[in-house]
Amino acid sequence: MSLLGKLALARAELDAHCEDPWREKVEAAVRDKEAISTAALLDLLHAPATTGTARRLAAVMRGLNFIPIKSRRLMPGGRAGNTVTRGWARPIREMKSSPNDDPCGRLS
């Protein structure tokens, strides 16, 4: 096998290793949805609402091209109350990419 072939194989193994196991569940949950709350996603994943799990979820959601939002609409009965919750929404406009989008920390 050539050096380029070995490098491509190593890159594929590294990409498979870096993919978060939550990604498949989250991807299925947000299919056909425009917005979803962080609390609902953490409930779906049976994960506690901690800073660490929220950051891990944020990396997955950014990988799916969602943007973070604060909204009253995401809470049950939220339009009448003063509660604001955080969540994720699909962007209306196309997003600009940044060099730090890689969850494994590699530059493109």
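No experiment lies behind these values; they were computed from the predicted model shown. (Residues numbered from 1 in each chain as written. Predicted model: local features only at pLDDT ≥ 70, side-chain atom pairs only at ≥ 80, totals over all residues. Heavy atoms only, no water.)

## Quick notes on unusual backbone geometry
Line of reasoning, step 1. A positive phi is found at His 46, a non-glycine position, where the angle reads about 55°.
Line of reasoning, step 2. At Asn 65, a position not held by glycine, the phi torsion is positive, near 65°.
Line of reasoning, step 3. Topologically, Asn 65 is positioned in the loop between α4 (51-63) and β2 (67-71).
Line of reasoning, step 4. Given a relative accessible area of 48%, Asn 65 falls into the partly exposed group. (Helix = DSSP H or I, 4+ residues; strand = E, 2+ residues; numbered from the N terminus. Buried < 20%, exposed > 50% of the residue type's maximum accessible area, 1.4 Å probe, protein only.)

## Focus on the pattern of salt bridges
Line of reasoning, step 1. A complete count under the given rule lists 1 salt bridge for this structure.
Line of reasoning, step 2. With a shortest N-O distance of 3.0 Å, Arg 56 and Asp 20 are connected by a salt bridge. Taken together, the positions of Arg 56 in helix α4 and Asp 20 in the loop between α1 (3-18) and α2 (22-30) put the pair 36 residues apart, joining distant regions of the chain.
Line of reasoning, step 3. Residue Arg 56 is classed as partly exposed on the basis of its relative accessible area of 32%. (Salt bridge = Lys/Arg side-chain N within 4 Å of Asp/Glu carboxyl O.)

## Focus on the sheet that holds β2
Line of reasoning, step 1. Taken in spatial order, the 3 strands make up an open sheet running β1-β3-β2, and their pairing is antiparallel. Every other strand in the sheet has two partners, leaving β1 (35-37) and β2 as the edge strands with one partner each. Each neighbouring strand pair of the sheet contributes to a mean axis angle of 35°, computed without reference to strand direction.
Line of reasoning, step 2. Bridge count between β1 and strand β3 (residues 85-89): 3 bridges; the pairing is antiparallel. (Pairing = 2+ DSSP bridges. Axes fitted to C-alpha atoms, helices over the stretch in contact; angles between N-to-C directions.)

## Concerning the side chain of Thr 38
Line of reasoning, step 1. Tracing the backbone shows Thr 38 in helix α3 (residues 38-44).
Line of reasoning, step 2. One polar contact links Thr 38 to Trp 88, side chain to side chain, over a distance of 3.3 Å.
Line of reasoning, step 3. Sequence-distant contacts of Thr 38, that is, excluding residues within four places in its chain, are made with Leu 57, Arg 86, Gly 87 and Trp 88. (Polar contact = N/O pair within 3.5 Å; in protein donor to acceptor, adjacent residues only side chain to side chain. Contact = heavy atoms within 4.5 Å.)

## What to know about the confidence of the model for the protein chain
Line of reasoning, step 1. When the pLDDT values of the protein chain are averaged, the result is 80; 72% of them are 70 or greater.
Line of reasoning, step 2. Across the protein chain, element-level confidence peaks in α4 with a mean pLDDT of 92 and bottoms out in α1 with 79. (pLDDT = per-residue confidence, 0-100.)

## Considering the packing of aromatic side chains
Line of reasoning, step 1. Summed over the entire model, instances satisfying the criterion amount to 0 aromatic pairs.
Line of reasoning, step 2. Lying over the aromatic face of Trp 22, Arg 56 brings its terminal NZ or CZ to 4.0 Å of the ring centre. (Phe/Tyr/Trp six-rings, centres within 6.5 Å; stacked < 30°, edge-to-face > 60°. Lys NZ or Arg CZ within 6 Å of the ring centre and 35° of its normal.)

## Some remarks on the pairing of β3
Line of reasoning, step 1. Of all 5 residues in β3, 4 are buried, a share of seventy percent or more.
Line of reasoning, step 2. In this sheet, β3 lies alongside β2 in antiparallel orientation, the contact comprising 5 bridges. Residue pairing for β3: Pro 68 is matched across the bridge by Trp 88.

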